[in-house]
Structure formats: structure tokens, C-alpha cells
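Read off the chains here:
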Amino acid sequence: MALSAQQIPRWFNAAKLRSLINAVQLTKCFARPGRTLLHGFSAQPQISSDNCFLQWGFKTYKTSSLWNSSQSTSSSSQENNSTQSSLLPSMNEQSQKTQKIPSFDSELFLEELDELPPLSPMQPISEEEAIQIIADPPLPPASFTLRDYVDHSETLQKLVLLGVDLSKIEKHTEAANLLLRLDFEKDIKQMLLFLKDVGIEDNQLGAFLTKNHAIFSEDLENLKIRVAYLLSKNFSKADVAQMVRKAPFLLNFSVERLDNRLGFFQKELELSVKKTRDLVVRLPRLLTGSLEPVKENMKVYRLELGFKHNEIQHMITRIPKMLTANKRKLTETFDFVHNVMSIPHHIIVKFPQVFNTRLFKIKERHLFLTYLGRAQYDPAKPNYISLDKLVSIPDEIFCEEIAKASVQDFDKFLKTL
């Protein structure tokens, strides 16, 4: 069957590749004496029953251009070859044949491989080869969870090893899509080194990145500028590390915003630079959160609760959380302490931690002391009980030192309420 013009190059390449493979097999069977193949082993020339076939393959590879001429002369010598083919070649003849076979160097082999055209992906394969192909499961075009992409993404795998909770990040579609596009070495590694330099420990990186996954969208140079700004305002490196740990989104805000916030608290509260700095170090979310609760609470302390400006200054520098506390909780606590327990403003100012305590705890202990006849909060009278001890010490010490009763008596009393 005649070959078409398009099939001839493909047939020739296939014949050339088969001949080259046969030549490689030939070199393996007839290795050079003393040539080491494996550690501790030496290859020696061996006589194989397939040497005639290998020689034919080698000659085909080297003299493919003489194929037509040899075919024309083969018919004349066919009878002589048929009589000789029934006889086995002697050992001398075989050794002579092996000596005529040239050796192949690896460089020549690689050069010949380079000349071969690449295999086409559309080239048909056998059923046996098709069975051996193991295909990876395809990536889903869309998914509601990052779990489907972890096995295919080195970035996600390393973030998981750091302790990042992907189940929380995937709730934010934009953040999840961003992580899938990032390269760990190019986009994330430098960010991790920067955070460690700021003061985030290795065991804190996972929790930090889970909360502030948006930091990957920030420019690294801008982050460094914001850290430099805080250091220029005499915040120590330890202060910056503490602020970033407590308020993970701190570095996401521009220098202008940070400067405006510091100026607001210094002006609104009429604090010194040092006290303003100490205030935001203890509660750094003052720089990242909304200012509306702060402004509202300042009005509550001044207009509804009746505290003076200097009293407000003293309380918030002692308990910064008072600036962001729930308005209802503040008013209910003050109403009980001031109107029920009859504690005046100037004593409350000395012990502002009462606003940072759960109201039911204050009520339980006050009612128990009232039941025992020991509810005395005037420092000018005997058996004085300070608000600090009332709200801060554990039940065992409260019962033993203040109530002069047992914990069992306190528990029985609480059951009657």
C-alpha cells in the first residue's frame, strides 16, 4: 500500500525512532569491558541470541539511505543466504561481528534525540499505554470552599501549615479569590518576614492572618511607612508589636488616618502626648474602630452621669475600655452603684474598674453583705469595704476576708435570690 506525501515524514520519523531505540539496546548488551553501570558491578561483553537482530537495527539506523539498493541485490543472493541461515554462526564469527559494532557515546545519543520532532498530543496511543495514564482530578470551575483547591495550591498548603483557618477566610469571596491568585514565594513570603520583624511570633502568624487576611492586598512599602510613622511618634518597637497583636487591622490604615486619630484623642480628652500614647498602646483599637461610640460615651459621662472633665480623664486613663463600653451597661452600673449602694462620684472615680465588672456580680455581693449587715462603703467609718475589693477578688477571699462567712453560706444565699 503506497504512502501519501503527508504520511512519509511521519513514517520516516517512526522508523528512525525505532532504529535508535534498537541501537540503545545494542549498546546495553555490548557494553565496553570494565565500564561501571552500577556501584560494585562491571559490565562485560556478552553474546546474545538476539545479536543478529540488534545488528540489523543498528545498520538500519546508520544506512537507511541504502535501503533501496540493498533490496535490489537481496534477491540474487537469497538462495545462498537460505542455505547458510540453517547453520548457527561460530564463536569467531560472532566475536568478529561484535568488534565491528561501534560504541555509542551519550552525547551522540542526545544529539540524535534533539533532532527528533516532539510527539504530538493528538498522536494515538495503545490501550495498554492509555490504562497506565493517571489523570489528576480537574479543578472545579467554581466552589464555595477553599478545601477543593488546597491539594492543587502550594500557597494554601503553606498557609494551613502556618495555622491559617481557611474556613473563615472563604466566607469572604474577594479574600478567597485573592489567595488563589497569590504565589507564596513572590507575594506572601516577604509579608511574613515583615510581620515577624514587626513583632508577630511564629505561633501568632496563623491567628493574625486569619483575622487580617486583607493585609495581602496591601503594598509592603506602605506597611513599612506606617510602622516608621509610629516609631517617629516615640512608640517603641515593643509598643508597636503589642498594638499590632491586639489590633490586627492597625497597619491597614494610612498614615493620615493614624495621625488624625492620635490628634483627636489628644484634643478631645485634653491629654498630654505621653498619656495619649499610653492610652492607645493599652487599647489600640481606638485607632481602628469607629469614633461614634467614643463620642457618645463622653456625652454620657458628662451629661447623664454627672462626671467632671478631669474625672473623666482620670477614669479613662485607668480603664481605657470605658471609651468603647456599651452605653446601657454604663448607665445601669452607675445607677446601681450610685443610687442603690449610695457611693458618691468621687469614690467611683477612684475605682473606675467597677464599670468593667459584670453588674450581676456587684449585685450578688452587695446583697449578701447587706444581708449580713456589713455593706459599709464610707471610708470615714469603721469596717469600710472598698469598691476595688468588692469587684476584683475571687469568691473565696471575698467570703473569708470581707463577708466573714463561708462559701457555702454565700451559695445558699444566692439560691434564695
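Quick notes on the rules
- Every residue gets a number counted from 1 within its own chain, in the order that chain's sequence is written.
- This being a predicted model, a pLDDT of at least 70 is required before a residue's local features are given, and a value of 80 or more before pairs of side-chain atoms are given or counted; all residues contribute to the totals for chains, interfaces and linings.
- In computing side-chain values, all of the structure's heavy atoms are included and hydrogens and water are not.
- Salt bridges are defined by distance alone: a side-chain nitrogen of Lys or Arg within 4 Å of a carboxyl oxygen of Asp or Glu.
- Each helix is a run of H or I in the DSSP string that is no shorter than four residues. Each strand is a run of E no shorter than two, and both are numbered from the N terminus.
- Each residue is assigned to one of three classes by its accessible area relative to the maximum for its type, calculated with a 1.4 Å probe on protein chains only: buried under 20%, partly exposed between the two thresholds, exposed over 50%.
- Residue contacts follow a heavy-atom distance rule, with two residues in contact if any of their heavy atoms lie within 4.5 Å.
- As used in this structure description, the phrase polar contact means that two N or O atoms lie within 3.5 Å; if the pair is within protein, one of them must be able to donate a hydrogen and the other to accept it, and residues adjacent in sequence are counted only when both atoms belong to side chains.
- Planes of paired rings set the category: under 30 degrees apart is stacked, over 60 is edge-to-face and the rest tilted, where pairs are Phe, Tyr or Trp rings (Trp by its six-membered ring) whose centres lie within 6.5 Å.
- Angles shown run from 0 to 180 degrees and are taken between the N-to-C directions of axes, each axis being a line fitted to C-alpha atoms and, for helices, limited to the stretch in contact.
- To sort the angles, those under 35 degrees are grouped as roughly parallel, those over 145 as roughly antiparallel, those from 65 to 115 as roughly perpendicular, and the leftovers as oblique.
- In this scheme the crossing of two helices becomes right-handed for a clockwise turn of the near helix relative to the far one and left-handed for an anticlockwise turn of less than a right angle.
- Gly is placed with the polar residues, together with every amino acid not listed as nonpolar (Ala, Val, Leu, Ile, Met, Phe, Trp, Tyr, Cys and Pro) or charged (Asp, Glu, Lys and Arg).
- Residues belong to a common nonpolar core when they are buried Ala, Val, Leu, Ile, Met, Phe, Trp, Tyr or Cys residues joined through side-chain atoms within 4.5 Å.
- Note that the domain bounds reflect an automated or database-derived domain assignment.
- Confidence scores labelled pLDDT are given residue by residue by the predictor and lie between 0 and 100.

## Points about the pattern of salt bridges
Move 1: Under the counting rule described, the total for this entry stands at 13 salt bridges.
Move 2: Lys327 is the partner of Glu296 in a salt bridge, and the nearest nitrogen-oxygen pair spans 3.3 Å. Taken together, the residues Glu296 in helix α17 (residues 292–304) and Lys327 in helix α19 (residues 327–340) connect sequence positions 31 residues apart.
Move 3: Among the residues examined, Lys327 registers a relative accessible area of 34% and is labelled partly exposed.
Move 4: Linking Glu304 and Lys327 is a salt bridge whose minimum nitrogen-to-oxygen distance equals 3.6 Å.

## A few points about the environment of Arg245
Move 1: Along the chain, the position of Arg245 falls in helix α14 (residues 237–246).
Move 2: Sequence separation of Arg245 and Gln204 is 41 residues, and the distance between their C-alpha atoms is 8.4 Å.
Move 3: Residue contacts for Arg245: discarding those within four places in its chain leaves Gly199, Ile200 and Gln204.
Move 4: Reaching out from Arg245, the side chain makes a polar contact with the backbone oxygen of Gly199 at a distance of 3.0 Å.

## Some words on the packing of aromatic side chains
The relation between two aromatic rings is expressed through the spacing of the ring centres and the mutual angle of the planes.
Move 1: According to the stated counting rule, one finds 8 aromatic pairs in the structure shown.
Move 2: Both rings, one in Tyr301 and one in Phe355, keep their centres 6.4 Å apart while their planes meet at 75 degrees; by these two values the pair is edge-to-face. In this pair, Tyr301 sits in helix α17 while Phe355 sits in the loop between α20 (345–350) and α21 (359–372), placing the two residues 54 residues apart along the sequence.
Move 3: The buried category is assigned to Phe355, whose relative accessible area is 4%.

## Notes on unusual backbone geometry
Move 1: Backbone geometry at Asn234 places phi at a positive 70 degrees, although glycine is not the residue there.
Move 2: Mapped onto the elements, Asn234 comes out in the loop between α13 (220–232) and α14.
Move 3: By relative accessible area, Asn234 is classed as exposed at 59%.
Move 4: Phi is positive for Lys404, close to 55 degrees, though the residue is something other than glycine.
Move 5: Here Lys404 is to be found in the loop between α23 (395–403) and α24 (407–416).

## Quick word on the environment of Glu296
Move 1: With relative accessibility at 34%, the residue Glu296 sits in the partly exposed group.
Move 2: Considered as a pair, Glu296 and Thr324 are 28 residues apart in the sequence and their alpha carbons are 9.1 Å apart.

## Re the packing of helix α8 (residues 154–162) against helix α11 (residues 184–198)
Move 1: Between α8 and α11, whose axes approach to 11 Å, the crossing angle comes to 25 degrees. Put simply, α8 runs roughly parallel to α11. Note that α8 runs across α11; the crossing there is right-handed. From α8, Thr155, Lys158, Leu159 and Leu162 reach across to α11, where they touch Phe184, Glu185, Ile188 and Leu192.
Move 2: The residue makeup of the contact of α8 with α11, split by class, is 5 nonpolar, 1 polar and 2 charged.

## Concerning the nonpolar core
Move 1: Grouped together as the largest cluster of nonpolar side chains are 49 residues, with contacts concentrated most on Phe307, Leu323, Met341, Phe355 and Phe398.
Move 2: Each of domain 1 (290–354) and domain 2 (357–416) accounts for three or more of the residues forming this core.
Move 3: Once residues within four sequence positions are removed from consideration, Phe355 is found in contact with Phe307, Met315, Met322, Lys329, Leu330, Thr333, Phe334 and Ile348.

## Focus: the confidence of the model for the protein chain
Low-confidence regions, as indicated by low pLDDT, have predicted coordinates that should not be scrutinised in detail.
Move 1: Taken as a whole, the protein chain shows an average pLDDT of 76; of its residues, 66% reach a score of 70 or greater.
Move 2: The secondary structure element of the protein chain with the lowest average pLDDT is strand β2 (residues 42–43), at 32, and the one with the highest is α13, at 96.
Move 3: The model gives residues 1–17 a pLDDT under 50, and that stretch makes 10 contacts with residues more than four places away or in other chains.
Move 4: Between residues 23–110, whose pLDDT stays under 50, and residues either more than four places distant or in other chains, the model counts 51 contacts.

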